[in-house]
Amino acid sequence: MSITPLHLLIYLAGISALVGLNAVILVWLERKVAGHMQFRYGPMEVGPHGLLQTLADGIKLVSKQLLVPNQADKPLFLMAPIVSLVPIFVAMMPLPLGETVQAWELNIGLLLIIALGLLNTLGILLAGWGSNNKYALLGGSRAVAQILAYKIPLLLCILTIIMMAGSFSLRDIALAQEDGWYVLYQPLLFIIYIVAITLETNRSPFDFSEAESELVAGFHTEYSGMGFSLFFLAEYSYMFIASALASILFLGGWQGPLLPGPVWSLIKLYAIIFLLMWFRWTFPRLRIDQMLSFGWKILLPVTLLNFLVTAGVLAL
Amino acid sequence: MSMAAPLTYTLEKRDNDNFTLNLGPQHPGTHGVLRVVLQMDGEYILHADPVLGYGHRMQEKIAENMTYLQCLPYVCRMDYLGAMSYNLAWVCAVERLCGFEVPERAEHIRVIATELNRMASHLLWWGAYLLDLGAFTPFLQAFTDREQILDILEYLTGSRLTYCYFRFGGLPDEVDDVFLERTMSFVNGFRKRLKNYHDLVTGNVIFHHRSKDVGVILPFDAAAYGLTGPILRGSGFAYDVRKQEPYAAYERFDFIVPTETSGDCLARYNVRMEEFVQSMNIIEQAVNTIPEGPVRSKVPKTIKPPRGEVAMAVETPRGELVIYIVSDGSKKPYRVKFRVPSFANLSVFARLARGQLLADALAILGSLDMVIPEVDR
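In what follows, the accompanying structure is described. (Residues numbered from 1 in each chain as written. Chains lettered and ligands numbered in written order. Predicted model: local features only at pLDDT ≥ 70, side-chain atom pairs only at ≥ 80, totals over all residues.)

### Details of the sheet that holds strand 2 (residues 35–41) of chain B
All names here are of chain B.
Item 1. Strand order across the open sheet formed by three strands is 1-2-3, with antiparallel pairing between neighbours. The open sheet has two free edges, formed respectively by strand 1 (18–23) and strand 3 (44–51), since each of these has just one partner strand. Neighbouring strand axes in the sheet, compared pairwise and without regard to direction, differ in orientation by 20° on average.
Item 2. Where strand 1 meets strand 2, six bridges bridge the pair, whose relative direction is antiparallel. Its bridge partner being in strand 2, Phe19 is matched across the sheet by Met40. (Pairing = 2+ DSSP bridges. Helix = DSSP H or I, 4+ residues; strand = E, 2+ residues; numbered from the N terminus. Axes fitted to C-alpha atoms, helices over the stretch in contact; angles between N-to-C directions.)

Here is the structure:
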């Protein structure tokens with residue numbers, strides 16, 4: 001299917017709405033989940049059960065001044081949040097949320113998403129370097145240090161699934177699970193994948209690049225107003241993409257009884273997002289070196305072994 | 001490169017890879033206006049230099065210019081989390097100086113209030129330490145329980161944090177049964193809650209990785225640096241002023257001094273968690289055996305101690321507080337010296353932080369349970 005400019009325009013409008021709405025809901029959900037886990041209500045004032053709280057916060061953030069520190073590298077500083085956010089609009093294209101709900105059926109859709117997902121780290125590094133702040137720089141360098149430790153196990157997870165489905169197309173992978181979800185065949189891989197996307201989305205217990213008790217706010221220490229909110233938009237959108245991938249790779253995507261496909265997609269991916277939130281509000285943070293050795297010494301050998309065993313079983 | 005001129009750095013290695021990181025005075029990990037100038041090599045700390053005095057208020061000099069009673073509300077401003085212990089130390093010091101008797105009922109209430117305050121302080125430490133480790137929920141869980149203690153103490157004393165409750169010779173007023181009932185119902189509820197705390201945190205693998213063998217204080221160092229309180233007990237010394245030099249009614253109650261031998265953050269954690277249980281035991285005994293009678297003995301309206309000096313040691317939630325008063329026979333003390341636990345406990349931090357990762361250094365600082373106004377005083 002070729003993409004015309006009109007297609008692109010409709011797609012961009014739709015995806016902007018999705019990114020915005022998703023962030024609004026997730027920020028609200030995060031605060032509600034946190035609240036209820038801590039014996040409190042979370043936001044209650046703006047709208048029913050505080051539903052409009054995020055909108056109010058968004059308006060506040062947009063109306064605030066974006067301060068650029070004196071000695072900062074201004075172009076890099078301003079570019080960083082954009083570098084973080086923009087790839088999302090492309091990465092969401094090959095994502096099927098239903099049998100017919102997909103912007104662009106691409107036979108290497110999975111590769112595209114993985115490649116663009118790496119750009120988030122580039123944005124964090126730029127922010128850390130451009131801010132001319134030592135805490136931000138430490139945050140940026142941590143993000144780069146951890147990327148190899150989780151990306152390779154993550155790729156091996158995905159490679160195993162690709163091997164089972166025999167396709168790089170997300171649609172085909174979802175359709176290949178008609179008889180049984182891959183989570184039933186690869187439960188260990190699913191757990192590793194969830195750990196890896198917790199790392200990918202920079203969330204506790206792996207929120208090293210913004211570890212607030214150590215690095216104040218890490219890479220976004222110097223950001224205010226819109227720059228800050230773009231990072232937030234990016235973070236929550238990456239959560240959306242990573243969870244959508246999880247639901248497609250392991251939970252059969254949109255497939256499910258009774259309810260229409262997109263509803264199943266959203267149920268599955270928001271359940272995974274809830275899991276990520278649950279982690280965040282329960283666990284203490286690991287230390288960066290512990291995480292690196294965990295990634296290299298445990299995740300990598302286990303996924304590699306799993307990959308080889310799966311290949312062997314499939315060859316039989 | 002050097003940001004603080006008066007400080008001298010002893011660097012093993014001075015090249016372009018090193019940089020100075022100014023931790024504080026405003027930093028989420030220092031819990032107050034503590035500033036630590038760190039010489040870093042990447043994420044590793046080469047040298048840590050605590051810079052004190054942002055909250056210095058000349059408490060000792062202030063005390064010299066006030067009567068003994070006027071000074072009472074001031075002492076608890078030093079350690080605002082363990083204010084009841086400071087109250088107790090001041091009134092006990094003056095009582096010892098003047099030779100006042102204290103009725104038994106008042107002694108019991110003093111112990112109950114001080115132990116409740118100790119639990120509140122440890123609860124805040126528990127939450128804040130885990131916040132330093134990156135877990136946010138325990139902080140608010142601890143606050144939920146701490147709130148109950150503060151409510152009880154507010155009912156008793158009228159204030160929630162910086163109490164001015166004890167009086168020379170006893171208590172200001174009779175204490176009703178409602179206070180005792182609320183205390184007992186809290187203690188009964190908290191025994192179950194403490195199990196929740198252990199379930200949520202103590203068994204957590206990440207927590208163990210972050211606190212075991214981190215910030216080890218050897219027994220020799222613990223003694224050499226003059227550490228006291230749970231930190232000293234975490235390094236193997238069963239030293240607790242409540243046992244060594246009992247004051248108030250502590251000798252009447254049966255409790256143990258929890259100790260650990262490993263001296264790391266986990267040991268200090270375990271000691272404090274066990275102190276919750278011991279505090280509850282003390283409170284239960286004190287409530288069950290509380291005698292009837294007056295709560296205040298007859299003391300003169302104007303406190304004029306005889307010439308002389310007195311040293312009064314009290315176990316605050318953070319360690320040993322010694323109040324040393326020299327009296328010249330007038331209404332005001334001639335000289336007052338506060339030996340505060342946090343100050344001595346902080347002195348070991350620079351040694352512990354050397355060679356550690358930044359994340360560990362903040363965990364160590366959290367495990368030392370600092371109250372910065374007490375350090376600065």
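There is more to say after this.
### As for the interface of chain A and chain B
Item 1. The interface of chain A with chain B comprises 23 residues on the first partner and 27 residues on the second.
Item 2. Counting only elements with at least two residues in the side of chain A that touches chain B, the list comes to helix 6 (134–165), helix 10 (212–215) and helix 13 (288–315) of chain A.
Item 3. Its residues assigned to classes, the side of chain A that touches chain B shows eleven nonpolar, five polar and seven charged. (Contact = placed C-beta atoms within 7 Å. Nonpolar A, V, L, I, M, F, W, Y, C, P; charged D, E, K, R; others polar.)

### Considering the sheet that holds strand 6 (residues 333–339) of chain B
Residues and elements named next belong to chain B.
Item 1. Reading across the sheet, the three strands line up as 4-5-6 and stay open at both edges, with antiparallel pairing between neighbours. Two strands close off the open sheet at either side, each with one partner strand: strand 4 (308–316) and strand 6. Averaged over all pairs of adjacent strands, the angle between strand axes in this sheet comes to 15°, irrespective of strand direction.
Item 2. On the sheet, helix 3 (residues 83–98) packs against strand 4 and strand 5 (319–327) and is oriented at approximately 150° with respect to strand 4.

### A short note on unusual backbone geometry
Item 1. Not every positive phi belongs to a glycine, and Met58(B) is a case in point at roughly 55°.
Item 2. In this structure, Met58(B) sits in the loop between strand 3 and helix 1 (59–64).

### A few points about the packing of helix 6 of chain A against helix 13 of chain A
All names here are of chain A.
Item 1. Where helix 6 meets helix 13, the axes come as close as 9 Å, and the angle between the chain directions of the two elements is 15°. Taken together, the axis directions place helix 6 and helix 13 in an arrangement best described as roughly parallel. In the packing of helix 6 onto helix 13, the handedness of the crossing is left-handed. (Parallel < 35°, antiparallel > 145°, perpendicular 65-115°, else oblique. Left-handed = near helix turned anticlockwise from the far one by under 90°.)

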